[in-house]
Amino acid sequence: MTPLLDIKNLWVKFPTRTGVVEAVRGISFSLGRERLGIVGESGSGKSMTGRAILRLIRPPGIIEADHISLHDQDLLSLSEAKMRAIRGQKISMVMQDPKFSLNPVMTIGAQLIEAHRLHSKSSRAEARTKAIEMLEAVSIRDPERVMKAYPHEMSGGMGQRIMIAMMLIPNPEILIADEPTSALDVSVQGQVLSIMDRLVKERGMGLIFISHDLNLVSQFCDRVLIMYAGRIVEVCDADKLHQAQHPYTRGLLGSLPRFDTPRARLDVLQRDPAWREAPSVEARP
Amino acid sequence: MTQPMTPALQIDGLNVYFGAPHESFHAVKNASFTVEKGASFGLVGESGSGKSTILKALTGLAPQWEGTMRVAGQQLGAKRDRRFYRSVQMVFQDPYASLHPRQSVDQVLSETLYLHGASNIDDRVNRLLEDVGLGSAFRFRYPHQLSGGQRQRVAIARALAPEPEILLLDEPTSALDVSVQAEILNLLSDLRAEHHLTYVMVSHDLAVVAHMCDQAAVMQNGEIVEILSIDAMRNGDARSDYTRQLLAASANRVA
Amino acid sequence: MSQDTGTLRDWLLSETPTSRRQARWAAAYKGWLTLRANHMAMAGLAIIVLLVALALFAPWIAPHDPFVQDLGNRLQPLGSEGHILGTDSLGRDILSRLIWGARITLYIVALVALIAPIAGLLVGTVSGYAGGWVDVILMRITDIFLAFPRLVLALAFVAALGAGIENAVLAISLTAWPPYARMARAETLTIRSSDYISAIRLQGAGPLRIIVKHIWPLCISSLIVRVTLDMAGIILAAAGLGFLGLGAQPPSPEWGAMISEGRRFILDHWWVATMPGLAIFTVSLAFNLLGDGLRDVLDPKDSPQ
Ligand SMILES: Nc1ncnc2c1ncn2[C@@H]1O[C@H](COP(=O)(O)OP(=O)(O)OP(=O)(O)O)[C@@H](O)[C@H]1O
Ligand SMILES: Nc1ncnc2c1ncn2[C@@H]1O[C@H](COP(=O)(O)OP(=O)(O)OP(=O)(O)O)[C@@H](O)[C@H]1O
Ligand SMILES: [Mg+2]
Ligand SMILES: [Mg+2]
């Protein structure tokens, strides 16, 4: 089986006046028709990895890689115009910050309808019905009201769900979801996850699921990459995440508050400088 | 009329509406709860159920409300004055959106102190930064030079600046990773012990609420369906279906 | 303190400034570095600095008096004895007139650049922040101004107020503010509902403080960029009014008026009209280039994610 997406030796660098910041430092992984989780602390380069795949790093940032291939086609060699066709149609991404990704002065409905009509030549009425369906699918309670509302009138979690609805409209082959459920309660989270799950199972979509919620990733994903300082420190099967060996992973797991056993203080992570220098683990077949 | 202790916060029959009168949206329906001085009260529930809205109504950011709200026995009117904001402060849900992009940490904190009529602002800024574990090295940084966790600390410092008695925390850690979450939660516990604060904490993560609070209200679709103690939650004594569902969903996520 | 350039640079580029003064200087210095890296913008800036210097030192730089007529020497070609850029129909030295004209051009540009954006900013932010009927009224007024073609409206004003530089400035400003108001309002709408504005409201800050100290700083950068880009248009509008005889009055060496005078000889003595035209073109281009560069410096790069 050839993987959907294969990435070898990916670097993301930001030249600044005080030297080059390396946000991602030579990681390699591949994605099949599976749910791949990426976890790690803040600033470990998770979002930059996601954005680099779509070549959405803002200048002066630089993307370097041996290859980023989607079905044997190297995305790095494509023209910007071809890349635009890939974004959305083949690979779409739910950005981390829904409020920054939605247009603040356009109603949600107008944005959903526009996104829909951009991808399929349907009539306004059809697109509207579709948009409402999508909102219902992400368990928004009264889609009619939400269609007429502006982004700032949404709660934190509703914004996130609207972004997800928007990204699923074009029916992509690969979905990169950057912290898509961080503001959702468990029940709605479950519903959103089951939509993604269905897409992976029924349509063979590949999903990259970026999250800092270790429990969630271990339950929902098939495979997990653990990132630290721009490198992959460990790869494991999601259901074995709790037996992970690396002290960093153990530290992350240890800092979670637990519902069943109260503790006065939570453990915080003690970082070891050696982790930064350790070579990146390869997550390709 | 002389009760031994007036509760820090008393909310009775609170209804909150949004939008124009003819098509207004009823976001919070008849909510009532009481928070004792020094306690920590959790608000959990479905996304979009009105948790943030209760905090907004309390702080005057959602102007269309009815019912009674009392802070330390004082009934709140339509307008909030500075004295109110000296006793009630709020930390927002999204640390990436709650700091002005063009103001340094110093500007944010000194303006807040200035508005509350503080003297020797310079020392106070440094002390606030120490309090939230940032130190004066961060004083002249701009938000884009800070990580999410550091931003949230600045937001907490801003809320602490007027030395409030009640701190409203709207999902203070949901945008942060677990190691930073642990730091912030520890920080909040320390601050509460040090400054004798009362917390109202919104979260969708039951484990976080259980860690921080003594009591919690469960909300669904604008209504408070149940108020129960954390011990009751741990033991699974819930009366409403929604709470049971929530507990079940959270329980099987416990590692 | 004995700081040589090396340590001064370090002091300015420090990631952790230790005082307000250092933080302010550091921000300015970093902006300057970004601007300096943009060669086109630096070229624009150089031209503008040169223009300012010319205007300031006109009495010393200009080789001749711009008003002295010498009818025996009229319409001398380029490069003739003592008149590098030739002379006009009354024998006045074109180079000297251009140099003195820089004063008038700068005067117009500076006044318009002060009045129009500030008026626009005021109307736009108040309208956007207040909302409701204030917004409706202010925006309808803006629409009325926007509905007229700019030069036609300016002509109408000048016709009503009388010809002259001050009135031309006023007329141009009156026609130039509505787009700024629109822009400021659009930005205010997105800023108004953000959490950081709510946060400052929770400290008891009033609307005036919020507009001036929290909303203006976010609108001003895009406004400055827009103004520098519009500067070319302003110079041209002023020149246009001068050309139509409604701006600066002869014998004033205003560039537009000079073109207007030279128009009669355009076929036989092309330089009389072309030289001021080239001056207008160069300065407009300079402002455009600078505006492009400023956009890179001033645009908020707030979210590094
Ligand atoms: N424009 C930029 N210039 C310099 N460094 C940058 C820039 N953008 C991002 N970085 C750095 O890249 C690193 C990786 O950032 P990234 O957004 O991928 O983190 P993340 O793992 O997604 O964290 P989080 O969980 O907070 O979203 C960070 O250390 C950040 O400081
Ligand atoms: N400014 C507003 N105008 C109109 N409706 C609003 C406004 N703010 C919130 N709402 C609506 O009120 C309801 C409750 O929102 P609220 O932000 O209180 O939810 P929440 O419980 O905090 O959810 P989350 O956990 O997702 O943040 C939502 O349906 C939302 O659409
Ligand atoms: Mg990220
Ligand atoms: Mg909320």
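All figures in this text were calculated on a predicted structure; none of them were measured in a lab.

On to the side chain of Ser87 of chain B. Residue and element names in this part refer to chain B. If you trace the backbone, Ser87 turns up in helix H2 (residues 82–87). Taking the relative accessible area as the measure of exposure, Ser87 reaches 13% and is therefore buried. Each residue touching Ser87, except ones within four places of it in the same chain, is listed here: Val71, Pro164, Glu165 and Ile166.

Another point: the coordination of the magnesium ion (ligand 4). Residues and elements named next belong to chain B. Only Ser52 (OG) and Gln93 (OE1) from the protein coordinate the magnesium ion (ligand 4), and they sit 2.0 to 2.6 Å from it. With Ser52 in helix H1 (residues 51–59) and Gln93 in the loop between strand E6 (88–91) and helix H3 (105–115), this residue pair connects regions lying 41 residues apart in the sequence. Gln93 matches Ser52 in its accessibility class, with the two residues each being buried.

For the rest of this paragraph, the subject is the interface of chain A and chain B. Across the boundary between the two partners, chain A contributes 45 residues, which contact 40 residues of chain B. Between chain A and chain B, the buried area comes to about 3,600 Å², and carbon and sulfur atoms account for 53% of it. A per-residue breakdown of the area chain A buries against chain B is headed by Arg141, Val186 and Phe259 of chain A, which together make up 22% of the total. Remark: the boundary between chain A and chain B carries two salt bridges. Residue Arg265 of chain A pairs with Asp190 of chain B through a salt bridge whose shortest N-O separation is 2.7 Å. Elements with a minimum of two residues in the side of chain A that touches chain B: helix H6 (143–148), helix H7 (156–168), helix H8 (186–203) and helix H9 (214–220) of chain A.

Take the site of ligand 2 next. Contacts to ligand 2 come from 20 residues, most closely from Arg145 and Gly157 of chain A together with Gly48, Ser52 and Thr53 of chain B. A distance of 3.3 Å separates an oxygen atom of ligand 2 from a polar backbone atom of Gly156 of chain A. Interatomic distance of 3.4 Å between a side-chain N/O atom of Glu171 of chain B and an oxygen atom of ligand 2. Bound to the protein, ligand 2 loses 93% of the 640 Å² it would expose on its own. The residue inventory of the shell around ligand 2, partitioned by class, reads five nonpolar, 10 polar and five charged.

Below, the discussion takes up the pattern of salt bridges. Residues and elements named next belong to chain A. All told, the structure shown has 26 salt bridges over all chains when counted by the stated rule. For Asp197, the salt bridge identified is with Arg35, shortest N-O distance 2.4 Å. Of the two residues, Asp197 sits in helix H8 while Arg35 sits in strand E3 (residues 35–40), which places them 162 residues apart along the sequence. Since its relative accessible area comes to 13%, Arg35 is described here as buried.

What follows deals with the sheet that holds strand E9 (residues 206–210) of chain A. All names here are of chain A. A sheet is described by the order of its strands in space; here six strands give the open sequence E7-E8-E9-E3-E10-E11, paired in mixed fashion. The open sheet is flanked by strand E7 (91–94) and strand E11 (231–237), the only strands paired with a single partner. Within this sheet the neighbouring strands show an average axis-to-axis angle of 15°, counted without direction. Examined bridge by bridge, E3 and strand E10 (residues 223–228) share five bridges and lie parallel to one another. Looking at the pairing, Val39 lines up with Ile226 of E10. Strands in contact with helix H10 (residues 247–254) are E3, E10 and E11; relative to E10, the strand with the most contacts, it is inclined by about 100°.

Under the 1.5 Å per step criterion, the end-to-end length of helix H5 (residues 148–160) of chain B is 18 Å for 13 residues, consistent within 8% with the ideal 18 Å. Elements that come into contact with the buried residues of H5 of chain B comprise E6, H3, helix H4 (121–131), strand E7 (166–170) and helix H6 (178–195) of chain B together with helix H9 (195–201) of chain C.

All names here are of chain A. Considering all chains together, one arrives at zero disulfides over all chains under this definition. For Cys221, which is in no disulfide, the shortest distance to another cysteine sulfur is to Cys236 and amounts to 11 Å. You can call Cys221 buried: its relative accessible area is 6%.

Turning to the environment of Leu71 of chain C, a few remarks are in order. Residue and element names in this part refer to chain C. Mapped onto the elements, Leu71 comes out in the loop between helix H4 (58–61) and helix H5 (94–130). Owing to a relative accessible area of 53%, Leu71 belongs among the exposed residues under this scheme. C-alpha separation for the pair Leu71 and Leu90, spaced 19 residues apart in sequence, amounts to 5.4 Å. Once you skip the residues sitting within four places of it in the chain, Leu71 turns out to touch Ser89 and Leu90.

All names here are of chain B. When the pLDDT values of chain B are averaged, the result is 88; 96% of them are 70 or greater. The secondary structure element of chain B with the lowest average pLDDT is helix H9 (residues 241–251), at 83, and the one with the highest is strand E8 (residues 198–202), at 94. Quick note on the complex model: pTM equals 0.84, ipTM equals 0.87.

For the rest of this paragraph, the subject is the nonpolar core. Judged by nonpolar contacts, the single largest core of 66 residues is most densely connected at Ile94, Leu98 and Trp255 of chain C. For this core, the secondary structure elements donating two or more residues are helix H3 (39–56), H5, helix H7 (150–161), helix H8 (165–192), H9, helix H10 (207–243), helix H11 (255–262) and helix H12 (271–298) of chain C. With 16 residues, the top contributor of residues to this core is H10 of chain C. Not counting residues up to four positions away in its chain, the partners in contact with Leu98 of chain C are Leu85, Trp255, Met258, Met275, Pro276 and Ala279 of chain C. Core analysis: the next-biggest nonpolar cluster, separate from the first, contains 60 residues, Ala115, Val138, Leu199 and Cys221 of chain A among them.

Let us now look at H10 of chain C. All names here are of chain C. If you check H10, its first and last C-alpha atoms are just 45 Å apart, much less than what 37 residues at 1.5 Å a residue would give, namely 54 Å. Along its length, H10 shows its largest kink, about 50°, at Trp216, and proline Pro217 lies within four residues downstream of that point. Of the residues one or two after H10, Gly245 is the one with positive phi, at around 80°.

Moving on, we get to the sheet that holds strand E10 (residues 223–229) of chain B. Two strands in a sheet stick together by hydrogen bonds in their backbones, pointing the same way (parallel) or opposite ways (antiparallel). Residue and element names in this part refer to chain B. One open sheet accounts for six strands, arranged E6-E7-E8-E3-E9-E10; its pairing is mixed. Each having just a single partner strand, E6 and E10 make up the two edges of the open sheet. Across the sheet, the mean angle from the axis of one strand to that of its neighbour is 20°, orientation sign disregarded. Across four bridges, strand E3 (residues 40–45) lies against E8 in parallel orientation. Across the sheet, residue Gly42 finds its bridge partner in E8, namely Met201. The strands touched by H5 within the sheet are E6 and E7, with E6 carrying the most contacts at an inclination of about 175°. Those strands touched by H6 are E3, E7 and E8, and its axis lies near 155° from that of E8.

Let us now look at the packing of H5 of chain C against helix H6 (residues 132–147) of chain C. Residues and elements named next belong to chain C. One can describe the packing of H5 onto H6 by two numbers: an axis separation of 7 Å at closest approach and a directional angle of 145°. Here H5 and H6 pass one another in a crossing that is left-handed. Together, Val123, Val126, Ser127, Gly128 and Ala130 of H5 and Gly132, Val134, Asp135, Leu138, Met139 and Thr142 of H6 make up the contact between the two elements. Its residues assigned to classes, the contact of H5 with H6 shows six nonpolar, four polar and one charged.

All names here are of chain A. Direction of pairing for strand E1 (residues 5–16) relative to strand E5 (residues 67–70): antiparallel, over a ladder of four bridges. For Lys8, the partnering residue across the bridge sits in E5 and is His67. Judged from the two bridges that link them, E5 and strand E6 (residues 73–74) form a sheet pairing that is antiparallel. Considered in E6, the bridge of Ser69 is made with Asp74. In textbook terms, the turn of a hairpin is the stretch between consecutive antiparallel strands, and for E5 and E6 this stretch comprises two residues, one of which, His71, has a positive phi near 45°.

All right, on to the interface of chain C and chain B then. Taken together, the 30 residues of chain C in the interface contact 34 residues of chain B. Buried area between chain C and chain B, both sides added, is near 2,700 Å², and the carbon and sulfur share of it is 54%. Among the residues chain C hides against chain B, the three largest losses belong to Arg20, Leu202 and Gln203 of chain C. Together they make up 27% of the total. A salt bridge links Arg209 of chain C to Glu111 of chain B, with the nearest nitrogen and oxygen atoms 2.6 Å apart. Inspection of the region where chain C meets chain B yields eight residue pairs in polar contact (both at pLDDT 80 or more). For the side of chain C that touches chain B, the elements supplying multiple residues, two or more each, are helix H2 (20–36), H9 and H10 of chain C.

Calculation rules
- Residues numbered from 1 in each chain as written.
- Chains lettered and ligands numbered in written order.
- Predicted model: local features only at pLDDT ≥ 70, side-chain atom pairs only at ≥ 80, totals over all residues.
- Heavy atoms only, no water.
- Helix = DSSP H or I, 4+ residues; strand = E, 2+ residues; numbered from the N terminus.
- Buried < 20%, exposed > 50% of the residue type's maximum accessible area, 1.4 Å probe, protein only.
- Contact = heavy atoms within 4.5 Å.
- Donors = N, O, S within 2.8 Å, 3.2 Å for Na, K, Ca; no water.
- Buried area = accessible area lost by both parts, 1.4 Å probe.
- Salt bridge = Lys/Arg side-chain N within 4 Å of Asp/Glu carboxyl O.
- Near = heavy atom within 4 Å.
- Polar contact = N/O pair within 3.5 Å; in protein donor to acceptor, adjacent residues only side chain to side chain.
- Areas by Shrake-Rupley, 256 points an atom, 1.4 Å probe, with all protein chains shown as cover.
- Nonpolar A, V, L, I, M, F, W, Y, C, P; charged D, E, K, R; others polar.
- Pairing = 2+ DSSP bridges.
- Axes fitted to C-alpha atoms, helices over the stretch in contact; angles between N-to-C directions.
- Expected span 1.5 Å × (residues − 1).
- Disulfide = S-S within 2.5 Å.
- pLDDT = per-residue confidence, 0-100.
- Core = buried A, V, L, I, M, F, W, Y, C linked by side-chain atoms within 4.5 Å.
- Bend = angle between axes of the 7 residues up to and from the residue.
- Left-handed = near helix turned anticlockwise from the far one by under 90°.

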